[in-house]
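Understanding the architecture of this molecule
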Amino acid sequence: MSEIMPAACVIGHPIAHSRSPMIHGYWLNQLGLKGHYNREDVLPENFAEFVRSLRDHGYVGCNVTLPHKEAAFRLLDRASARAQHLQVANTLWFEGDVLCGDNTDVEGFIANLDDRAPHWDTHLKKAVILGAGGAAASIIVGLQERGATDIRLVNRTIEKAEILAHRFGPTVHPTPWSDLHQSLTDADILVNTTSLGMKGQAELDIDLDPLPRKALVTDIVYVPLETGLLRQAKQRGNPIVDGLGMLLFQAVPGFEHWFGQRPTVTKELRSLIEDHIRGVTP
Ligand code: NAP
């Protein structure tokens, strides 16, 4: 009789460029576990049905990416506290017949900073976040969990920043792009969550002059690994952290749920994905 191997997948549309199969494939191999991790391209109109029949497709759980993260949350029987707070889920698994879900982007963002800039939050008070899209919500929650009391949410479309400020409370201050310069004064951390600076997009062109040189600068864009913002910040002496670790650490909880062992974000894994981003490996 053939052995049944646990399988998980990432569901999105489009999904061809997802690096999640490389990450989970590396861990399966490194830990000597039998299992599979696939890509599933599912249209929005078919998503609910696909998730309801996840087990019939042979899956013990899945990651969910754009454009399905809100829909995934609505399908859960049991949501983690973070998923409830954000109304978004990116990691699904079963406990018995109960479909459970979490939002692991918060954990990914925080774990990356803990790993690359230990003690970054020791004196954390003021944060500046650029962007108010889907990813910004997770970054707000992560910074609030680590003690930020003054979060300037700078966005081109101010209405979107106002909606997030309303959802996440009085520590979040919607800020028009024209006020960015003065917002940087006294900041402890600057986070780019816009798509600016990403390969194929316009550069993020800002004047960092008012930013204290001890402020941590991080970009969740990770293609390229060193964005223009990070290069500029490094040149003036600020500590920097790139966004690749967020992608790697957000994958950890899902793997543990599906395959039963907590994996490690190793230097080897990072190098593997770095090479892929640089186009060294196909
Ligand atoms: P999104 O929901 O589409 O939000 C995009 C944000 O970028 C919005 O705030 C948008 O402002 C802003 N923006 C886009 N073009 C702009 C321009 N020309 N000028 C000024 N602002 C502009 O995207 P998302 O899901 O939040 O993702 C944002 C980025 O984070 C993407 O590059 C994504 O790959 C990356 N990301 C990385 C990780 C990781 O693990 N490292 C995780 C999630 C996302 P408006 O509101 O004015 O349109």
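Structure's up top.
Attention in this report is confined to the structure presented alongside it. (Residues numbered from 1 in each chain as written. Predicted model: local features only at pLDDT ≥ 70, side-chain atom pairs only at ≥ 80, totals over all residues. Heavy atoms only, no water.)

**Some thoughts on the pattern of salt bridges**
Counting across every chain of the model gives 13 salt bridges. As a salt-bridge pair, D105 and K69 come within 3.0 Å of each other at their nearest N and O atoms. Of this pair, D105 sits in helix 5 (residues 105–116) while K69 sits in helix 3 (residues 69–75), and the two are 36 residues apart along the sequence. Each of the two residues, D105 as well as K69, counts as buried. If you follow the salt bridges from partner to partner, you end up with D242, R270, E274 and R278 in one network. (Salt bridge = Lys/Arg side-chain N within 4 Å of Asp/Glu carboxyl O. Helix = DSSP H or I, 4+ residues; strand = E, 2+ residues; numbered from the N terminus. Buried < 20%, exposed > 50% of the residue type's maximum accessible area, 1.4 Å probe, protein only.)

**Some details on the site of the ligand**
Around the ligand, the structure places 20 residues, and the nearest of them are A135, N155, T157, K160 and I220. Here G134 contributes a backbone N or O atom positioned 2.9 Å from an oxygen atom of the ligand. G243 is positioned such that a nitrogen or oxygen atom in its backbone is 3.1 Å from a nitrogen atom of the ligand. Among the secondary structure elements, those contributing two or more residues to the shell around the ligand are helix 6 (134–145) and helix 10 (244–250). Here the residues of the shell around the ligand are counted per class, giving nine nonpolar, nine polar and two charged. (Near = heavy atom within 4 Å. Polar contact = N/O pair within 3.5 Å; in protein donor to acceptor, adjacent residues only side chain to side chain. Nonpolar A, V, L, I, M, F, W, Y, C, P; charged D, E, K, R; others polar.)

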